[in-house]
Amino acid sequence: MLNLIVPSTAPDRDGCVLSITPESAGWEYVGFEVYRLSEGQTLSRGTEDKEAALVLLSGRADVKAGGERWNNIGQRMSVFEKTPPYTVYVPSQEQYEVTALTELELAVCLAPGQGNHQARLIAPEDVGVENRGSGSMSRLVHNILPEQKPADSLLVVEVFTDGGNWSSYPPHKHDRDELPEESRLEETYYFRVQPEQGFAVQRLYTDDRSLDETMAVKDGQAVMVPEGYHPVSAPPGYDVYYLNVMAGPKRVWKFRNDPDHDWLMK
């Protein structure tokens, strides 16, 4: 079985509990980190040649970046409040500083940057809210940084799947650079599960089944999706949240449904 699941660890001295780099993932574009900061703790970083989206998953913080400062941002204390998050976009070659005002869970989403945009706050009212699918395929989607909003490479979205439902479904993929039919995008899934002793199920498979893995994913774990279809199931009794980070050679989200299951869209 491929090692596609990345577990959380105890916080290091900077508060980092999970880290995926292009080198560790064996791909080119997406980086992803999660920090759990205690009240009063500060995280300072430089973006270097990458742009960053700092997603306040839960808790409140003061954030500085690109000569701007945003004080006391963050409103939800749990992702399962289902309100859109506060996010700060930071371009490449900039410094940022995050000071936790409460216990803070912070996601740092990374992809190649060209410095074409200014640091900015993405407030909850700037986030597109969408109820996608129907019946047991229904889920709540927060479009944090979609392709219609300015960035160089990053695409960021969060999804809430109620217990008993499926999401990223019908199974779809985006692993070929063949626009306008399909775009090539690497992707990470960062999972939270409520109650926390539960799990999500994610299958990852290609058309030729050279990759065909089914994984039980626990609270606080991430899954790397280098290619293939990647549906998610939330078992009855357990609500599932995930944060998606995507990036590739072109900043376009164009996917292809599995032809065997495309009839579900009709």
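The name given to the protein chain in an unreviewed UniProt entry is 5-deoxy-glucuronate isomerase, and the organism recorded there is Paenibacillus ihbetae.

K.L.:
Report on the nonpolar core, specifying residues and quantitative values.
P.N.:
Grouped together as the largest cluster of nonpolar side chains are 34 residues, with contacts concentrated most on Leu18, Phe32, Cys109, Val156 and Leu243. Counting residues per element, the ones that place at least two in this core are β2 (16-20), β3 (31-37), β5 (50-58), β10 (104-112), β13 (139-145), β14 (155-161), β22 (222-225) and β24 (239-247). Ignoring sequence-local partners within four residues, the contact set of valine 156 consists of Ala53, Val55, Cys109, Asn143, Ile144, Leu145, Pro146, Leu243 and Asn244. The next biggest cluster of nonpolar side chains, apart from the first, holds 22 residues, and it includes Tyr35, Val88, Ala100 and Ala119.

K.L.:
Let's hear about the environment of valine 55: which residues, and what values?
P.N.:
Relative to the helices and strands, valine 55 resides in strand β5. Residues valine 55 and cysteine 109 lie 54 residues apart in sequence; the distance between their C-alpha atoms is 7.7 Å. Sequence-distant contacts of valine 55, that is, excluding residues within four places in its chain, are made with Pro85, Tyr86, Thr87, Glu105, Leu106, Ala107, Cys109, Ile144 and Val156.

K.L.:
Explain the packing of aromatic side chains residue by residue, including any values.
P.N.:
Taken as a whole, this structure holds 8 aromatic pairs when the rule is applied. When the centroid spacing of 5.7 Å and the interplanar angle of 45 degrees are considered together, the rings of phenylalanine 32 and tyrosine 190 count as tilted. Pair noted here: phenylalanine 32 is in strand β3 and tyrosine 190 is in strand β19 (residues 186-194), with a separation of 158 residues, a long-range link. The class for phenylalanine 32 is buried, based on a relative accessible area of 1%. Between the aromatic rings of tyrosine 189 and tyrosine 242, the centroid separation amounts to 4.6 Å while the plane-to-plane angle is 45 degrees, which identifies the pairing as tilted.

K.L.:
Tell me about the pattern of salt bridges, and please be specific about residues and values.
P.N.:
Evaluated as defined, the whole model comprises 20 salt bridges. Among the ionic pairs, glutamate 182 bridges to arginine 176, the shortest N-O distance being 2.6 Å. Salt-bridge contacts for arginine 256 lead to aspartate 207; the nearest nitrogen and oxygen are separated by 3.3 Å. With arginine 256 in strand β25 (residues 256-257) and aspartate 207 in the loop between β20 (199-205) and β21 (212-218), this pair connects stretches of sequence that are 49 residues apart. In this structure arginine 256 comes out as partly exposed when scored by relative accessible area, which is 26%. Bridged by salt links that share partners, the residues Lys173, Asp175, Arg176, Glu178 and Glu182 form one connected network.

About the cut-offs
- Residues numbered from 1 in each chain as written.
- Predicted model: local features only at pLDDT ≥ 70, side-chain atom pairs only at ≥ 80, totals over all residues.
- Heavy atoms only, no water.
- Core = buried A, V, L, I, M, F, W, Y, C linked by side-chain atoms within 4.5 Å.
- Buried < 20%, exposed > 50% of the residue type's maximum accessible area, 1.4 Å probe, protein only.
- Helix = DSSP H or I, 4+ residues; strand = E, 2+ residues; numbered from the N terminus.
- Contact = heavy atoms within 4.5 Å.
- Phe/Tyr/Trp six-rings, centres within 6.5 Å; stacked < 30°, edge-to-face > 60°.
- Salt bridge = Lys/Arg side-chain N within 4 Å of Asp/Glu carboxyl O.

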